[in-house]
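Remarks on the overall topology
Read off the chains here:
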Amino acid sequence: MSITNEPVPSSAGSAGEPKLTLYNGSTGTGRRVTVRDLALAKQRGERWPMLTAYDAMTAGVFDEAGIPVLLVGDSAGDNHLGYSNTVPVTVEELITLSGAVVRGTRRALIVSDLPFGSYQSSPRQALETGTRFMKEAGVGAVKLEGGRRVVHQVEALVQAGIPVMAHIGLTPQSVNVLGGYRVQGRGEEEAERLLADAKALEAAGAFAVVLELVPAELAEQVTELLHVPTVGIGAGAGCDAQVQVWTDMAGMTPGNAPKHAKKYADLRAVLTGAAREFAADVVAGAFPAPENSFH
């Protein structure tokens, strides 16, 4: 069982380890955020933000902004790699992206998704895949989807020293079985199943549980039930943390953003405008100007 399932003292714990406020708007301490920091934040009632990242430069911006946890999600499939969904994403692709995010940051805890087909068949497969992400990409933790059906995978990873973030509710890798992108946990039977999944994953050693597209009242109930942090995405404000796909948050996603997302900027318009201005300068002969040339 994970250390985070035991009562956590309010002090930092080990000698020489400074108390860490997860988010204060800057990079703060030079050390990496750890899963223990997240457990301590839960004890203090401190909420924290989490964003996806898929490359070193973007990850570096979010790290500089003080985002304490970055997820190299298989959402890279439809937000970075041009796939229509997350299912085609490979282990090799995510290891490459995860390594870039690790190299581009110095403080954030980097969590990588285990992609579809890389852990479902057995605990041994999950351990082999998780080991590759830790050794080859240098991530601090991995994330996998599913409830009680992946408990043995979670146990194998945690017992081997690989921190695991669990993910229940709407699980995009299983969207074909779930019948589309719809809210999970509605109705008494579905709610009881989700609660049982959450408790089983905590008991297996998961250090946090993502709740995606879950009714707000149910997500709050799960949050109160668990000792480990919950991370909401479309699960209301009662979770311990919130995660968003960065392209939704920053306005890069074309079309309408998902209901659970809030657009904090319109980077798509900014980049489109910059590209058009550059092109116009080239066509007009205004770029490169003398100050952009060598003599």
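Residues numbered from 1 in each chain as written. Predicted model: local features only at pLDDT ≥ 70, side-chain atom pairs only at ≥ 80, totals over all residues. Heavy atoms only, no water.

1. Considering the overall build of the protein
Summing up its helical and strand segments, the protein has 11 helices and eight strands in all. Within the protein, the fraction of its 295 residues that count as buried is 49%. Counting contacts in the protein only where the partners sit at least 6 residues apart, residues at least 24 apart contribute 60% of the total. Counting every atom, the protein has about 14000 Å² of accessible surface; 55% of that belongs to carbon and sulfur. (Helix = DSSP H or I, 4+ residues; strand = E, 2+ residues; numbered from the N terminus. Buried < 20%, exposed > 50% of the residue type's maximum accessible area, 1.4 Å probe, protein only. Contact = heavy atoms within 4.5 Å. Areas by Shrake-Rupley, 256 points an atom, 1.4 Å probe, with all protein chains shown as cover.)

2. Considerations on helix H4 (residues 91-103)
The terminal C-alpha atoms of H4 lie 18 Å apart, and with 13 residues this matches the ideal 18 Å at 1.5 Å per residue to within 8%. Every buried residue belonging to H4 is among Val-91, Leu-94, Ile-95, Leu-97, Ser-98, Gly-99, Ala-100, Val-101 and Val-102, and all of these are buried. Against helix H2 (56-64), strand S2 (69-72), helix H3 (76-79), strand S3 (109-113) and helix H5 (123-137) lie the buried residues of H4. (Expected span 1.5 Å × (residues − 1).)

3. Description of the packing of H5 against helix H6 (residues 151-159)
Close contact between H5 and H6 brings their axes to 8 Å; oriented N to C, the two are set at 45°. Judged on the interaxial angle alone, H6 and H5 are oblique. H5 and H6 meet at a crossing whose hand is right-handed. Of the residues in H6, those in contact with Pro-123, Ala-126, Leu-127 and Gly-130 of H5 are His-152, Gln-153, Ala-156 and Leu-157. Taken together, the residues that form the contact of H5 with H6 break down as five nonpolar, three polar and no charged. (Axes fitted to C-alpha atoms, helices over the stretch in contact; angles between N-to-C directions. Parallel < 35°, antiparallel > 145°, perpendicular 65-115°, else oblique. Left-handed = near helix turned anticlockwise from the far one by under 90°. Nonpolar A, V, L, I, M, F, W, Y, C, P; charged D, E, K, R; others polar.)

4. What to know about the side chain of Glu-46
Topologically, Glu-46 is positioned in the loop between helix H1 (35-44) and strand S1 (48-52). A polar contact is formed between the side chain of Glu-46 and the side chain of Arg-44, at a distance of 2.5 Å. With sequence-adjacent residues up to four places away left out, Glu-46 is seen in contact with Leu-20, Thr-21, Leu-22, Tyr-23, Ala-41 and Asp-240. (Polar contact = N/O pair within 3.5 Å; in protein donor to acceptor, adjacent residues only side chain to side chain.)

5. As for the nonpolar core
One finds Leu-70, Val-154 and Leu-211 to be the most contacted residues of the largest nonpolar core, which totals 57 residues. The element that contributes the greatest number of residues to this core is helix H8 (residues 188-204), accounting for seven residues. If we skip the residues at most four places from it in the chain, Val-154 touches Leu-144, Val-164, Leu-201, Ala-204, Gly-205 and Ala-206. Membership of the second largest hydrophobic core comes to 21 residues, among which are Met-165, Phe-207, Val-231 and Ile-233. (Core = buried A, V, L, I, M, F, W, Y, C linked by side-chain atoms within 4.5 Å.)

6. Some points on the side chain of Asp-113
For Asp-113, the location among the structural elements is in strand S3. Reaching out from Asp-113, the side chain makes a polar contact with the backbone nitrogen of Asp-74 at a distance of 2.7 Å.

7. Overview of the UniProt feature "binding site: Mg(2+)" (unreviewed entry) in the protein
Those residues carrying the UniProt feature "binding site: Mg(2+)" (unreviewed entry) are Asp-74, Asp-113 and Glu-145 in this numbering. These annotated residues cover 72 residues of sequence, but their C-alpha atoms sit close together, with the largest distance between any two at 10.9 Å. The class of Asp-113 is buried, set by a relative accessible area of 3%. Not counting residues within four places of it along the chain, the set of residues in contact with Asp-113 comprises Leu-71, Val-72, Gly-73, Asp-74, Leu-94, Phe-133 and Lys-143. For Glu-145, a relative accessible area of 2% translates into the label buried. (UniProt positions renumbered as here; feature names shortened; annotations may be inferred.)

8. Here we look at the packing of aromatic side chains
Here the structure, examined in full by the defined rule, presents two aromatic pairs. Aromatic side chains Phe-62 and Trp-246 sit 5.9 Å apart centroid to centroid with 65° between the ring planes, which places their arrangement in the edge-to-face category. Of this pair, Phe-62 sits in helix H2 while Trp-246 sits in helix H10 (residues 246-249), placing them 184 residues apart in sequence. Under the relative-accessibility criterion, Phe-62 is labelled buried at 9%. Seen in terms of ring centroids, Phe-278 and Phe-287 are 5.8 Å apart; in terms of plane orientation they differ by 70°. Their pairing is edge-to-face. Judged by its relative accessible area of 49%, Phe-278 is partly exposed. Classification of Phe-287 by relative accessible area gives partly exposed; the value is 37%. (Phe/Tyr/Trp six-rings, centres within 6.5 Å; stacked < 30°, edge-to-face > 60°.)

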